[in-house]
Amino acid sequence: MTRRCCASLLSLLAFLSACGTMSVQKEQDLSREFERQVRREYRFIRDPIVNQYVTKIGETILQPLGPQPFEYSFHVVEDEEVNAFAGPAGQIYVHTGTIQRARNVTELAGVIAHEIGHVQKRHIAQNYEKMQAASWGKELAVIGAGVLGGQAAAGAADLATGVGLASVLNSFGRDAENEADAFAVEALPKAGYDPNGLPSFFETLAAEPGPHPPAFLSSHPAPADRLARTRALIAAAQLPPNLREDDDGRFEIIQQRIALLTRGRARSKGEVH
Ligand SMILES: [Zn+2]
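Calculation notes
- Residues numbered from 1 in each chain as written.
- Predicted model: local features only at pLDDT ≥ 70, side-chain atom pairs only at ≥ 80, totals over all residues.
- Heavy atoms only, no water.
- Core = buried A, V, L, I, M, F, W, Y, C linked by side-chain atoms within 4.5 Å.
- Buried < 20%, exposed > 50% of the residue type's maximum accessible area, 1.4 Å probe, protein only.
- Helix = DSSP H or I, 4+ residues; strand = E, 2+ residues; numbered from the N terminus.
- Contact = heavy atoms within 4.5 Å.
- Donors = N, O, S within 2.8 Å, 3.2 Å for Na, K, Ca; no water.
- Polar contact = N/O pair within 3.5 Å; in protein donor to acceptor, adjacent residues only side chain to side chain.
- Salt bridge = Lys/Arg side-chain N within 4 Å of Asp/Glu carboxyl O.
- Pairing = 2+ DSSP bridges.

A. Examining the nonpolar core more closely. Phe34, Ile57, Ile61, Ile99, Ile112, Ile116 and Tyr128 are the most contacted members of the largest nonpolar core, which has 58 residues in total. Residue contributions to this core peak at eight residues, all from helix α5 (residues 105–120). Setting aside anything within four residues of it in sequence, one finds Ile116 in contact with Gly58, Ile61, Leu62, Tyr72, Phe74, Ile92 and Phe183.

In structure tokens, the structure reads:
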């Protein structure tokens, strides 16, 4: 993780830390700076076919929800870590590792719907508010006063990177994760996707070798709880017939395209979920 300090982002955060509850307008203002910062630090897939594919899934999930306060945007981060995260005002970032490890389009749609859930439920905005109320505000005030050095400055420097900020904004507790999962289970069938893609993705990840769970699963509640909970929600739901389980090979073509685009490059940076 880089420790580059971004003065404009710090001043924006310092401004927000003095402003109480964040409005939709403020979240939109912060969104632009957040995206600039994240783009400086991550490598993004620029291939329009891959980007359009992921955007289309996101728009398909959003469409039945009606008009939105934000204009959502979907981005593909070149990173082998299985992860996805949300930014302010409807920014959704999906790692290539998530697309490559998913077994079909419904698993990927499950992850995207979960991240949309964090935005819809204002979890990102709530984390900003918590950040304002906590020590970050004091640390930013220290930076603002030009007193650089010591623990406070190091903490604020982490926060001032896109990766650091994304990590803080995507630190969710058990309730928020459950809420985002429940949102996904409800939204996916309305968009024509089989909601079993979400628990199925949890199973895919649980089967991954290695001592540590992938970042997407590393939060509370435990993966087994999450799996059981989503399965129970789906069992209790009245699902419409003819839900999409695959998309006639398009997903596999996108996976092959990403493999070609990223061939010879292994990249992983940061851990957010
Ligand atoms: Zn989450």
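B. Spatial organisation of the coordination of the zinc ion. Distances from the zinc ion to its protein donors, His114 (NE2), His118 (NE2) and Glu177 (OE), fall within 2.1 Å. Counting the intervening residues between successive donors of the zinc ion yields the motif H-x3-H-x58-E. Taken together, the positions of His114 in helix α5 and Glu177 in helix α10 (residues 174–190) put the pair 63 residues apart, joining distant regions of the chain. On the basis of relative accessibility, which here comes to 1%, the residue Glu177 falls in the buried class.

C. Here's a closer look at the side chain of Ser31. Counting through the fold element by element, Ser31 comes out in helix α2 (residues 24–41). On the basis of relative accessibility, which here comes to 10%, the residue Ser31 falls in the buried class. Among the polar contacts listed, one links the side chain of Ser31 to the side chain of Gln91, at a separation of 2.6 Å. With residues up to four places along the chain from it excluded, the contact list for Ser31 reads Pro88, Ala89 and Gln91.

D. Here's a closer look at the pattern of salt bridges. This model, assessed by the stated rule, comprises 13 salt bridges. For Glu27, the salt bridge identified is with Arg122, shortest N-O distance 2.7 Å. Here Arg122 lies in the loop between α5 and α6 (123–133) and Glu27 lies in helix α2, a separation of 95 residues in the sequence. Classification of Arg122 by relative accessible area gives partly exposed; the value is 25%. Put simply, Arg231 and Glu203 hold a salt bridge, and the shortest N to O gap is 3.1 Å. Of the two residues, Arg231 is situated in helix α12 (residues 223–236) and Glu203 in helix α11 (residues 197–206); the sequence distance between them amounts to 28 residues.

E. Local environment of the pairing of strand β3 (residues 91–95). With five of five residues buried, β3 is to be regarded as a mostly interior element. Of the two faces of β3, the one lined by Gln91, Tyr93 and His95 and the one lined by Ile92 and Val94 are each fully buried. As judged from the five bridges shared by strand β1 (residues 73–77) and β3, these two strands associate in the parallel manner. For Val77, the partnering residue across the bridge sits in β3 and is His95. The turn joining strand β2 (residues 84–87) and β3, which pair antiparallel and follow one another in sequence, is formed by three residues; a positive phi near 55° is taken by Ala89.

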